[in-house]
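# Report on the structure
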Amino acid sequence: MNPLQKITGKRWFGLAETSRKTRIVAGGTAALALCAFGATAVAPIAPDASDMPVKSVAQDLQLPNLADQIAALQQGQQQFIHEERIRPGDSLGAVFNRLGIADQQAQAFVRNDKVARSILSLKTGKRIQAETDENGQLLSLHATIADKDEFKTVTVTRKGDKFVSNAAPAQLERRVEMHSRNITSSLYAATDDTSDGSQIPDSIVNQIIEMFSTSIDFRGDLKRGDRFNVVYETYWLDGEMVRTGRILAGEFVNRGVAYQSVWYEDPISHQGGYYSLDGKALKKAFLKSPVAFNRISSGFSMRMHPVLGVWKKHEGVDFAAPLGTPIKASGDGVVDFVGTQNGYGNVVVLKHWSNYSTAYGHMSRFAGGLRRGQKVAQGDVIGYVGATGWATGPHLHYEFRIGGHATDPMALKNLQQQPLTPGEMNRFKMAAAEMSHRFSLLSPAGNAMAAR
């Protein structure tokens, strides 16, 4: 009998006279002990690492040839990119030195080429970038030049032993800015306020005045406590704002009455204009006068014709103006005719929405590139005042036609812009909802919520 049997035998003998429950528990304990002993007996013992056999392997590894790598690098042309900013009093030679350019041929090209020499007009602080080889020979040169409100990127590139230049429109970054101001003294004082970190540009102020001038007299109606919100475009280049764009939405609260305006350009028809939040056009359909004039020399009435010498109905309005005064399209439309017609002389006829059309006669010349079928917007220059055709002096003969019949343009009242179609109205409502949300963020309550 093994020791385990002796132990268990004694245990069972000692328990023989105990209760049945006690015997069952004791039996289970003995069985578990037997299993644990068996498991311990069969578990393998891990070998000691110091007893493991060790095998040494020796192998020669071929290292890369450093000389071959250097030779390969030397065969390829090394290129370096440098960027500098123009400093006060800089000369082209000084700029080239800082850019690492040692290339007299490149300097001569920049000085003499019609496109490339515009680089010489770069203002202090503007960037210029060059790419050179290891000898300082110029490979390419890039700079962005401002010409009034236009920006172009001028590039000079080496082609073999020569250089070529190119100018292309610069890629500006468009941003949308939102500002809110309270009137304490004047509109311009409010827009000059920089408490929110930036000043509202004068070009935007002028648009605000133009946008709401039909509802608000900015010379006498403003009072302390009025406020306005404005959302507008700005365009940036190299981290600097270079110009402002269009007001996208505006809200002006004057004497407790709120006026709103939203710019909307339909993505399908590409027609754009300012509308109230309910989709009503704010712009009048036609200008009262398409030209800055001194006086009306002849109205829409019967008159003695100055050339024919007969009593004849004058089916337009004559605006006396100096020779060469710009003539503007009185409304959005399409050029239906541009050319010469009998007594009209040089004349342009525009076809507008519905059955409206306008005619502009006696022009000295047409706007450059004007052609039949071309779209024009209200205010676009289409020609210049002259005295061609049956005219005795420089003036514009302006006709307004409804269904082909002449109508007195001075008698038209509150003729609104073409209304939005149902499809345009649905698209407008989505755009208006976004701007309405922006207005709510700019309101005093919205600013308080944002500050929490």
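So, here's what we can say about the structure. (Residues numbered from 1 in each chain as written. Predicted model: local features only at pLDDT ≥ 70, side-chain atom pairs only at ≥ 80, totals over all residues. Heavy atoms only, no water.)

## Some thoughts on helix H8 (residues 422–442)
Basically, it comes down to this: For the purposes of this entry, the term helix denotes a DSSP run of H or I that reaches at least four residues, the term strand denotes a run of E that reaches at least two, and both are numbered from the N terminus. Expected helix span is given by 1.5 Å per residue-to-residue step, counting one fewer step than there are residues. Buried, partly exposed and exposed residues are distinguished by accessible area as a fraction of the type maximum, computed with a 1.4 Å probe on protein chains only: under 20%, between the cut-offs, and over 50%, respectively.
The end-to-end C-alpha separation of H8 is 30 Å, in line with the 30 Å expected for 21 residues at 1.5 Å each. Burial in H8 covers these residues: Glu424, Met425, Phe428, Ala432, Met435, Phe439 and Leu442.

## Details of the sheet that holds strand E5 (residues 162–169)
Heads up, the condition is: One bridge is not enough; two strands pair if DSSP finds at least two bridges between them. Only the contacting stretch of a helix is used when fitting its axis, a line to C-alpha atoms as for every element, and angles between N-to-C directions run 0 to 180 degrees. Residues are treated as being in contact if the distance between any of their heavy atoms lies within 4.5 Å.
Spatially, E1-E2-E3-E4-E5 is the arrangement adopted by the five strands of the open sheet, whose pairing is antiparallel. Since the sheet does not close on itself, it has two edges, and those belong to strand E1 (79–85) and E5, each with one partner. This sheet shows a mean twist of 15° between the axes of neighbouring strands, independent of strand direction. In this sheet, strand E3 (residues 138–147) lies alongside strand E2 (residues 127–133) in antiparallel orientation, the contact comprising five bridges. Note on E3: the bridge partner recorded for Glu131 is Ser140. Where helix H4 (residues 92–99) meets the sheet, it contacts E1, E2 and E3, and its direction lies at approximately 130° from that of E1. Each of E3, strand E4 (150–159) and E5 touches helix H5 (residues 104–112); the most contacted strand, E5, lies at about 45° to it.

## What about the packing of aromatic side chains?
For any pair of aromatic rings, the description consists of the separation of the ring centres together with the inter-plane angle of the planes. Inclusion rule: Between the rings of Phe, Tyr and Trp (Trp by its six-membered ring), a pair exists once the centres lie within 6.5 Å; its type follows the angle of the planes, with under 30 degrees stacked, over 60 edge-to-face, and the other angles tilted.
According to the stated counting rule, one finds 13 aromatic pairs in the structure shown. Between Phe109 and Phe163, the ring centres sit 5.7 Å apart and the planes meet at 35°, which makes this aromatic pair tilted. With Phe109 in helix H5 and Phe163 in strand E5, the pair connects residues that are 54 residues apart, well separated along the chain. Residues Phe109 and Phe163 agree in their burial class; the two are buried. Consider the rings of Phe218 and Phe252, whose centres lie 5.5 Å apart with planes at 85°: the pair is edge-to-face. Here Phe218, found in the loop between helix H7 (202–212) and strand E7 (227–237), pairs with Phe252, found in strand E8 (residues 240–254); they are 34 residues apart in sequence, far enough to count as distant. The buried category is assigned to Phe218, whose relative accessible area is 17%. The class of Phe252 is buried, set by a relative accessible area of 0%.

## Quick look at the pairing of E7
In terms of burial, E7 is a largely internal element, 10 of the 11 residues being buried. As defined by bridge partners, strand E6 (residues 173–182) adjoins E7 across 10 bridges and the pair is classed as antiparallel. Its bridge partner being in E7, Arg174 is matched across the sheet by Tyr235. Pairing of E7 with E8 involves 10 bridges; the strand directions are antiparallel. Within E8, the residue paired with Trp236 across the bridge is Met241.

## Focus on the sheet that holds strand E9 (residues 257–265)
Taken in spatial order, the five strands of this open sheet run E6-E7-E8-E9-E10, and their pairing is antiparallel. Looking at the sheet topology across the chains shown, the edges are occupied by E6 and strand E10 (272–275). Averaged over all pairs of adjacent strands, the angle between their axes in this sheet comes to 25°, without regard to strand direction. In this fold H7 packs onto E7, E8, E9 and E10, with an angle of close to 35° to the strand it touches most, E8. The strands touched by H8 are E6, E7, E8, E9 and E10; relative to E9, the strand with the most contacts, the crossing angle is about 130°.

## Some details on the environment of Val156
In this fold, Val156 is placed in strand E4. The sequence separation of Val156 and Ile119 amounts to 37 residues, and the corresponding C-alpha distance is 9.9 Å. Setting aside chain neighbours within four positions, we find Val156 in contact with Phe109, Ala116, Ile119, Leu138, Leu139, Ser140, Leu141, Phe163, Val164 and Ser165.

## Let's talk about unusual backbone geometry
Leaving glycine aside, a negative phi is the common case for residues, and trans is the common case for peptide bonds. With a phi angle near 55°, Asp238 is a residue other than glycine that sits in the positive phi range. Turning to its location among the elements, Asp238 is positioned in the loop between E7 and E8. Phi angles above zero are rare outside glycine, and Arg255 is one such case at about 55°. Within the secondary structure, Arg255 is located in the loop between E8 and E9.

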